[in-house]
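Geometric and topological summary
Here are the chains, one letter per residue:
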Amino acid sequence: MMMLLNGFVWCLGEHFPVSNVPAPLSTLAVISAKRIGNLPILTHCVVSLFNVIPTEGKTWETAKRAEDFKLLHSFTGTQDESWFFLVTVEIELMSVEVMKTMKRILEGIDALSQEELEKELRHVAVGVDTMSTSLARMGEHLNADVFYCQLRPFLSGWKGNDNLPHGLPFEGEDEKYSKLSGASASQSTSIAMIDAFIGTKYPDDHFLINMRDYMPSDHRQSLQYILDQSAKLRYRIDISGENVKGAFNAIVKSVHNFRSEHIRIVARYVVTPSAKHKKEGEGSVKGTGGTKPIAFLKNVRDASDKSTVSLAKQ
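Residues numbered from 1 in each chain as written. Predicted model: local features only at pLDDT ≥ 70, side-chain atom pairs only at ≥ 80, totals over all residues. Heavy atoms only, no water.

As a further point, take the overall build of the protein chain. Of the regular secondary structure elements, the protein chain holds 11 helices and two strands. The globule rule puts the C-alpha radius of gyration for 314 residues at 20 Å, and the 20 Å found for the protein chain is close to it. Oriented by its inertia axes, the alpha-carbon framework of the protein chain measures out at about 60 × 45 × 40 Å. Contacts in the protein chain between residues far apart in sequence, at least 24 positions, make up 75% of those at least 6 positions apart. One finds the centroid of the 36 positive side-chain charges in the protein chain at a distance of 3 Å from the centroid of its 37 negative side-chain charges. (Helix = DSSP H or I, 4+ residues; strand = E, 2+ residues; numbered from the N terminus. Rg over C-alpha atoms; globule rule 2.2 N^0.38 Å. Contact = heavy atoms within 4.5 Å. Lys, Arg positive; Asp, Glu negative; His and termini not counted. Charge placed at Lys NZ, Arg CZ, Asp CG, Glu CD.)

Take helix H5 (residues 114-135) next. Under the 1.5 Å per step criterion, the end-to-end length of H5 is 32 Å for 22 residues, consistent within 8% with the ideal 32 Å. Taken as a whole, H5 has its buried residues at Leu 117, Glu 118, Glu 120, Leu 121, Val 124, Ala 125, Gly 127, Val 128, Met 131, Ser 132, Ser 134 and Leu 135. In this structure, the buried residues of H5 make contact with helix H4 (79-107), helix H7 (189-198), helix H9 (217-238) and helix H10 (242-277). (Expected span 1.5 Å × (residues − 1). Buried < 20%, exposed > 50% of the residue type's maximum accessible area, 1.4 Å probe, protein only.)

Running from amino to carboxyl end, H7 crosses H9 at an angle of 15 degrees, the nearest separation of the two axes being 7 Å. When the axes of H7 and H9 are compared, the pair comes out roughly parallel. Considering only the axes of H7 and H9, their crossing is right-handed. For the pair H7 and H9, contact is made by Thr 189, Ala 192, Met 193, Ala 196, Phe 197 and Ile 198 and by His 219, Ser 222, Leu 223, Ile 226, Leu 227, Ser 230, Leu 233 and Arg 234, respectively. Across the contact of H7 with H9, the residue classes break down as nine nonpolar, four polar and one charged. (Axes fitted to C-alpha atoms, helices over the stretch in contact; angles between N-to-C directions. Parallel < 35°, antiparallel > 145°, perpendicular 65-115°, else oblique. Left-handed = near helix turned anticlockwise from the far one by under 90°. Nonpolar A, V, L, I, M, F, W, Y, C, P; charged D, E, K, R; others polar.)

Moving on, we get to the packing of aromatic side chains. The final tally for this structure, using the stated rule, is eight aromatic pairs. Summarising the aromatic geometry, the rings of Trp 60 and Phe 69 are spaced 6.0 Å apart at their centres and angled 45 degrees between planes, so their arrangement reads as tilted. Each ring, one from Phe 147 and one from Tyr 269, has its centre 6.1 Å from the other, and the planes form 75 degrees; the classification is edge-to-face. With Phe 147 in helix H6 (residues 144-155) and Tyr 269 in helix H10, this residue pair connects regions lying 122 residues apart in the sequence. (Phe/Tyr/Trp six-rings, centres within 6.5 Å; stacked < 30°, edge-to-face > 60°.)

Take the environment of Thr 62 next. Relative to the assigned elements, Thr 62 resides in the loop between strand E1 (52-54) and strand E2 (69-71). A polar side-chain atom of Thr 62 sits 2.9 Å from the main-chain amide nitrogen of Thr 59. (Polar contact = N/O pair within 3.5 Å; in protein donor to acceptor, adjacent residues only side chain to side chain.)

All right, on to the pattern of salt bridges then. Proximity of charged atoms lets side chains of opposite charge pair with each other. The tally for this structure, following the rule as stated, stands at 15 salt bridges. Residue Glu 107 is joined to Lys 103 by a salt bridge in which the shortest nitrogen-to-oxygen separation is 2.5 Å. On the criterion of helical spacing, the pair formed by Glu 107 and Lys 103 is a turn pair, its members being four residues apart in helix H4. The closest approach of N and O atoms between Arg 137 and Glu 140, which form a salt bridge, is 3.0 Å. The partly exposed category is assigned to Glu 140, whose relative accessible area is 43%. Several salt bridges share partner residues, and in doing so they unite Arg 65, Glu 67, Glu 90, Arg 137 and Glu 140 into one network. (Salt bridge = Lys/Arg side-chain N within 4 Å of Asp/Glu carboxyl O.)

Before going further, it helps to spend a moment on the confidence of the model for the protein chain. Low-pLDDT portions of the prediction should not be read for the details of their coordinates. The share of residues in the protein chain with pLDDT of 70 or more is 95%, and the mean pLDDT across the chain is 93. Per-element mean pLDDT across the protein chain ranges from 92 in helix H8 (residues 207-210) up to 98 in H5. (pLDDT = per-residue confidence, 0-100.)

Here the focus is empty space enclosed by the protein. Evaluated as defined, the whole model comprises two cavities of 30 Å³ or more. Taken as a whole, the second largest cavity spans an internal volume of roughly 70 Å³. Every residue lining the second largest cavity is listed: Val 128, Met 131, Ile 191, Ile 194, Asp 195, Val 255, Phe 258 and Arg 259. Where the lining of the second largest cavity is concerned, the elements lending two or more residues are H5, H7 and H10. Among the residues forming the lining of the second largest cavity, the class breakdown is six nonpolar, no polar and two charged. (1 Å grid on protein atoms, 1.4 Å probe; cavity = no way out; pocket = protein on both sides within 12 Å on 5 of 7 lines; lining within 4 Å. Points joined across faces, edges and corners; volume = space filled by probe spheres on them.)

See the structure below:
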């Protein structure tokens, strides 16, 4: 449904969006979104996790890599689009063990020994590293020009978008839907949960805080659990020995590396082709979420770096 919505809005190209969403489509979009506790626009979860099935010979239990899945629906029909979303699915799958380990840590925070806690924390760090490895696979089958010119426009929203400066009215629906951000990795619950686990702090009005509204409701509940427990975890880390603190800092370092890889991907697939295809009079490049991507991602990386705990001087 949301692919149909975004396809309708951007079918004539990013510079010629429709002026409004007519009642039949707007009503269906809102009803469909409410069923999963989401907003009526294409989101990270809808276009990736909800848009794949295992390939022949694979099952949901055995499919682990991008090659093990295929898309159900596509905007462009290109291999590049499939690869972009399938690698995204692989990253999310790599995060599953990270989520399980974080849950074990938080549930057993009072009972785990120093050695057990250190081991579990290092398991989280290794898991985040596997996510970075999967993210780096993006370049295997994704052409920058195909992504930027053909696929990226369909992922755009109608908030902070220079081509829809006043938003996009949904006929017969609440005015709040007229300004929604496009699909973005910032809407990934797994990455948000890792951020919450290490205690990354953002202002209340920060873009990443707002992106939680674009997650399915059950994903938000899982994220809230991590947020509620993070202070207790931090206290346990602060009163623990150097080995535990070092293991925790290994997670922060792994998150830093993941953010750095993401910055390289955005530079390759958004910033560089933007300069190549920029038309006269166009403003600075923005991500599909409506932010200035490189500056935003560097600020996010800096924020997560501040979660590092101090170690005793040797």
